[in-house]
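Summary of structural features
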Amino acid sequence: MMIMPSKKTIYDYCVEYIAERIQRLRSEVDAIQGAANEETKSSAGDKHETARAMAQLEVEMNSKQLAEAERLLEGLKKIDPEKPLNHIAAGALVETSQGQFYIATSIGKVVFGESVIFIVSSDSPIGKLLLGKKSGDSVLFNGNTIQINSVM
């Protein structure tokens, strides 16, 4: 029998994953902003302005991703990984006929030792279907019936 990781272990992984993403995005924004600020106006004025405009667009794109990652981290902080659940909600570890799912944030397939866990958001298509369900229930997803074996 395969040993499944604890909800706390998976939760901690999610928090670390999002925190690392936030740190990476902050570093990218700082680096792009710093490079744009250091660039001095050269004789090729149009080229300079184009480079600054491109850098500004990149800063804006990374800033949006950063804000989204910070929002995801705030959402994760509302989950109590120690709380036992009898129905599927944020923070639930769900064993199904199609694999194990942890409902928290969209990370995807993660391997913990011998266990494969799909970390999905409650806003994802499968997350929306699973929300509120209990052990013994089933859902139809992409033409496949998924049996819910346990909810922790």
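Preceding this paragraph is the structure being described.
Residues numbered from 1 in each chain as written. Predicted model: local features only at pLDDT ≥ 70, side-chain atom pairs only at ≥ 80, totals over all residues. Heavy atoms only, no water.

1. Considerations on the pairing of strand β4 (residues 115–120)
Both strand β2 (residues 99–103) and β4 contribute to a ladder of four bridges, which runs parallel. The residue of β4 that forms the bridge with Tyr-102 is Ile-119. Sheet analysis places strand β3 (residues 108–112) next to β4, joined by five bridges and oriented antiparallel. Counted as the bridge partner of Phe-112 is Ser-115 from β4. (Pairing = 2+ DSSP bridges. Helix = DSSP H or I, 4+ residues; strand = E, 2+ residues; numbered from the N terminus.)

2. Considerations on the environment of Leu-25
With respect to the helices and strands, the residue Leu-25 is situated in helix α1 (residues 7–38). Taking the C-alpha atoms as reference points, Leu-25 and Val-59, 34 residues apart in sequence, are found 9.6 Å from one another. In this view, Leu-25 contacts Asn-62, Gln-65, Leu-66 and Ala-69; residues no more than four positions away in its chain are not counted. (Contact = heavy atoms within 4.5 Å.)

3. Overview of the sheet that holds strand β1 (residues 93–96)
Here six strands make up an open sheet; going across it, the order is β3-β4-β2-β1-β6-β5 and the pairing mixed. Edge positions in the sheet fall to β3 and β5 (138–141), since each has one partner strand and no second. Ignoring strand direction, the axes of neighbouring strands in this sheet form an average angle of 35°. (Axes fitted to C-alpha atoms, helices over the stretch in contact; angles between N-to-C directions.)

4. Considering the packing of aromatic side chains
Aromatic ring pairs are reported here in terms of the distance separating the ring centres and the angle at which the planes meet. Counted by the stated rule, this structure contains three aromatic pairs. Where Tyr-13 meets Phe-112, the ring centres are 5.4 Å apart and the plane angle is 75°; that geometry is what we call edge-to-face. With Tyr-13 in helix α1 and Phe-112 in strand β3, this pair connects stretches of sequence that are 99 residues apart. We classify Phe-112 as buried; its relative accessible area is 14%. Through pairs of rings, three or more aromatic residues link up here, namely Tyr-13, Tyr-17 and Phe-112. (Phe/Tyr/Trp six-rings, centres within 6.5 Å; stacked < 30°, edge-to-face > 60°. Buried < 20%, exposed > 50% of the residue type's maximum accessible area, 1.4 Å probe, protein only.)

5. Remarks on the pattern of salt bridges
Within the structure shown, the criterion is met by five salt bridges. Glu-68 is the partner of Arg-71 in a salt bridge, and the nearest nitrogen-oxygen pair spans 2.6 Å. With Arg-71 and Glu-68 both in helix α2 (residues 45–77) and three residues apart, the pair spans about one turn of that helix. Between Lys-77 and Glu-74 there is a salt bridge; the shortest N-O distance is 3.9 Å. You can see Lys-77 and its partner Glu-74 sitting in helix α2, three residues apart, about one turn around the helix. The class of Glu-74 is partly exposed, set by a relative accessible area of 46%. (Salt bridge = Lys/Arg side-chain N within 4 Å of Asp/Glu carboxyl O.)

6. What about the nonpolar core?
Counting 18 residues, the largest nonpolar core has Ile-10, Cys-14, Ile-22, Leu-76, Tyr-102, Ile-117 and Ile-119 as its most contacted members. Mapped by element, the contributors of at least two residues to this core are α1, α2, β3 and β4. With six residues, α1 is the single largest residue contributor to this core. Once you skip the residues sitting within four places of it in the chain, Tyr-102 turns out to touch Lys-7, Ile-10, Tyr-11, Cys-14, Ile-79, Gly-91, Ala-92, Leu-93, Ile-117, Phe-118, Ile-119 and Val-120. (Core = buried A, V, L, I, M, F, W, Y, C linked by side-chain atoms within 4.5 Å.)

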